[in-house]
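Single-letter residue listing:
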Amino acid sequence: AKQQANTGTNGGKWILFGDPSMRFVIPENTIVTEAVNGIATTELMDTLNPGEHIIASGFLTDKDGNTIYDFSGLMKVKVYERARIDSTLGNDQYSYVEGFLVQDSVMAEFEVEIINGQFVFDFQLPYELAPEFGTIKLSYYAIDGLRDARGHFSDLVVGGQQSAIYENKLAEDFISFYPTIVSRQLNYLSKQNVGNLKIEIFDLSSKMVFSTSRESILKGEQNQIDVSNLQKGMYLLRAYYDDKVSNVKFVKQ
């Protein structure tokens with residue numbers, strides 16, 4: 001049909017790819033990154049150095065941009081390295097080598113819980129990243145059993161020298177926090193003798209809303225944190241001990 005309508009050299013450039021009656025399965029809901037390290041994504045953010053910790057938070061919206069509050073499930077997060085320059089082969093007679101950007105190297109991959117359409121997570125940039133400046137990409141896909149959502153954030157500039165902050169080693173077994181849904185008291189139990197314990201709580205805007213420290217806690221000792229003054233919603237708690245860190249999410253009713 002195209003050749004009959006146009007007998008010129010461009011007449012044959014049209015092709016039918018796939019079945020026009022079938023549509024791509026693209027999630028209608030969108031995952032929005034609201035804040036990173038306490039700074040709204042609508043504002044200018046500082047450059048991140050290799051080895052820095054990142055706390056990101058956000059929410060879900062429907063196809064019309066309305067916030068979704070009844071979505072609870074898991075979100076897969078992929079953190080892509082800065083884009084690199086690749087090139088075409090130029091192996092045809094009349095072709096030539098052309099450079100293009102590729103961002104396909106995954107530096108981190110993990111799952112995050114979404115509760116009532118909101119999420120918060122943290123991760124640490126690798127110390128061995130090259131010092132060249134560029135933007136990394138946070139890619140999201142979430143599902144709650146019936147619906148799904150997608151999104152990404154590509155405005156985090158990374159580069160420069162390694163962060164002066166020492167590398168924290170994940171050690172979620174030295175202390176436990178419970179329950180994960182709390183109204184007044186959040187309990188924590190030490191699983192070993194711990195010295196110089198520091199506890200911080202961050203809200204969904206990555207703002208620190210609580211901080212405390214203990215010089216020493218004995219193995220088996222149980223303590224409480226009064227969270228009754230916190231607003232309802234999801235929070236990220238981080239406990240530090242020597243060069244170890246424990247990350248816990250909880251919901252304040």
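To start, this report covers the structure provided alongside it.

Thresholds applied
Residues numbered from 1 in each chain as written. Predicted model: local features only at pLDDT ≥ 70, side-chain atom pairs only at ≥ 80, totals over all residues. Heavy atoms only, no water. Pairing = 2+ DSSP bridges. Helix = DSSP H or I, 4+ residues; strand = E, 2+ residues; numbered from the N terminus. Axes fitted to C-alpha atoms, helices over the stretch in contact; angles between N-to-C directions. Salt bridge = Lys/Arg side-chain N within 4 Å of Asp/Glu carboxyl O. Buried < 20%, exposed > 50% of the residue type's maximum accessible area, 1.4 Å probe, protein only.

Digging into the sheet that holds strand 12 (residues 175–178)
With antiparallel pairing, three strands are arranged side by side in an open sheet as 12-14-17. Taken across any chain shown, the strands that pair with only one partner, and hence form the sheet edges, are strand 12 and strand 17 (222–226). Strand-to-strand, the axes of this sheet are offset by a mean angle of 25 degrees, without reference to chain direction. Sheet analysis places strand 12 next to strand 14 (residues 185–190), joined by four bridges and oriented antiparallel. The residue of strand 14 that forms the bridge with Y178 is N187.

Here's the deal with the pairing of strand 16 (residues 208–217)
Bridge count between strand 15 (residues 194–202) and strand 16: eight bridges; the pairing is antiparallel. Bridging across to strand 16, E200 finds its partner in S211. Where strand 15 hands over to strand 16, the hairpin turn is made up of five residues, of which S206 adopts a positive phi near 70 degrees.

A word on the pattern of salt bridges
In the structure shown here, the tally under the stated rule is eight salt bridges. For D86, the salt bridge is made with R84, and the minimal N-O distance between the two is 3.4 Å. Judged by its relative accessible area of 31%, D86 is partly exposed. R84 sits in the partly exposed class, given a relative accessible area of 38%. The salt bridge partner of D104 is R84, with a shortest N-O separation of 3.1 Å. Here R84 lies in strand 5 (residues 84–87) and D104 lies in the loop between strand 6 (99–102) and strand 7 (106–114), a separation of 20 residues in the sequence. Overall, the relative accessible area of 44% leaves D104 in the partly exposed class.

Nothing here speaks to function; it is geometry throughout.
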